[in-house]
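# Results of the structural survey
These are the residues of each chain, in order.
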Amino acid sequence: MSAQNRAAQNRAAQNRAAENAGAENAGAALIALEGVEKHFGSFKALRGVDLDVARGEVVVVIGPSGSGKSTLIRCINGLEAHDAGTITVDGIRIKDTRDLAEVRREVGMVFQQFNLFPEMTVLRNVTLAPMRVRGASRKMAIDIARRLLDRVGILEQAHKYPEELSGGQQQRVAIARALAMEPKVMLFDEPTSALDPEMINEVLDVMKDLAAQGMTMIVVTHEMGFAREVADRVLFMDGGRVVETGTPEHFFQNPTEDRTKLFLSKILRH
Ligand SMILES: Nc1ncnc2c1ncn2[C@@H]1O[C@H](COP(=O)(O)OP(=O)(O)OP(=O)(O)O)[C@@H](O)[C@H]1O
Ligand SMILES: [Mg+2]
């Protein structure tokens, strides 16, 4: 079975489970953006973005530099405050600071530059937030961390420091660290752009695995192979707007908008 079929099957199973459990928001969008704007002074980095992401859905965001991709996902976990419109994550409106702490617990984020704590071991990087924020016991946090480090294939590195690891290994620690909070959503901002080519796949494989297990994900990436294989939906941004959105098949075979065609012709050439 292909990863995609497996992902679809898992998602269907997950949706059924949610429905059977009578879960409050089953079927509703897990992430909902309406008319979201972000201004930096007089410059509008986001100009009215609407986006619904369903539970278990994987959305890949592409677009030229400066189109607002990072700003979009930074607004979704409240790293940037939006200036207009609404953002809701699992029913929580991202607005006041109390909600923000709540949302950050539900939304895992992985950056281009891993952002690990350099003075802490891998294990400590992964156990810190569950202990501080979730109130997990040390033993429980270590159990969770070891399971996650095993899942991303680097359990044997648990006692090393970040600088002793390759970029690909560091990024896998960053993913494990985000997962340790048991987030409902994972946001990735160009997670493989800072990696040497031979390390890109080891990180993409971990992300594919996450998708196949039903994680809801928004991924900014230039890895079009990943988009084709894993995305349920691709979203093309330009100038702070969503210009076009559709299935990977639609995007790579039959894009509608001229700006999308131009962008794809540039990135698919190499
Ligand atoms: N803190 C800031 N202050 C002022 N302008 C900003 C700030 N952050 C982003 N911008 C501007 O907002 C626009 C969108 O930036 P953003 O980082 O979201 O683009 P991007 O699509 O992620 O680009 P890239 O592909 O280069 O990462 C850019 O024009 C950028 O210069
Ligand atoms: Mg960016």
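Quick summary incoming for the structure in this document. None of these values were measured; they are calculated from a predicted model. (Residues numbered from 1 in each chain as written. Chains lettered and ligands numbered in written order. Predicted model: local features only at pLDDT ≥ 70, side-chain atom pairs only at ≥ 80, totals over all residues. Heavy atoms only, no water.)

## So, the pattern of salt bridges
Considering all chains together, one arrives at 13 salt bridges under this definition. Lys 184 is paired through a salt bridge with Asp 90; the nearest N and O atoms lie 2.9 Å apart. Of the two residues, Lys 184 is situated in the loop between α6 (167–179) and β7 (185–189) and Asp 90 in the loop between β4 (84–89) and β5 (92–93); the sequence distance between them amounts to 94 residues. A residue is classified by how much of its surface remains accessible, and Asp 90, at 17% relative accessible area, is buried. In the salt-bridge network here, residues are joined through shared partners; they are Arg 55, Asp 90, Glu 106 and Lys 184. (Salt bridge = Lys/Arg side-chain N within 4 Å of Asp/Glu carboxyl O. Helix = DSSP H or I, 4+ residues; strand = E, 2+ residues; numbered from the N terminus. Buried < 20%, exposed > 50% of the residue type's maximum accessible area, 1.4 Å probe, protein only.)

## Quick look at the pairing of β7
Extensive coverage of β7 is indicated by the burial of 5 of its 5 residues. Sheet analysis places β7 next to strand β8 (residues 216–220), joined by 5 bridges and oriented parallel. Looking at the pairing, Met 186 lines up with Met 217 of β8. Remark: the β7/helix α7 (residues 197–212)/β8 crossover connection has right-handed handedness. (Pairing = 2+ DSSP bridges. Right-handed = clockwise from strand over helix to strand, strands pointing away.)

## A short note on the packing of aromatic side chains
Where two aromatic rings form a pair, the distance of their centres and the angle of their planes describe that pair. Applying the stated criterion across every chain, the model contains 1 aromatic pair. Both rings, one in Phe 236 and one in Phe 263, keep their centres 5.2 Å apart while their planes meet at 35°; by these two values the pair is tilted. You can see Phe 236 sitting in strand β9 (residues 233–238) and its partner Phe 263 sitting in helix α10 (residues 258–267), a full 27 residues away along the chain. Like Phe 236, the residue Phe 263 is buried in the burial classification. Geometry around Phe 117 places Arg 177 over its ring, the cationic atom sitting 5.0 Å from the centre. Geometry around Phe 252 places Arg 228 over its ring, the cationic atom sitting 4.5 Å from the centre. (Phe/Tyr/Trp six-rings, centres within 6.5 Å; stacked < 30°, edge-to-face > 60°. Lys NZ or Arg CZ within 6 Å of the ring centre and 35° of its normal.)

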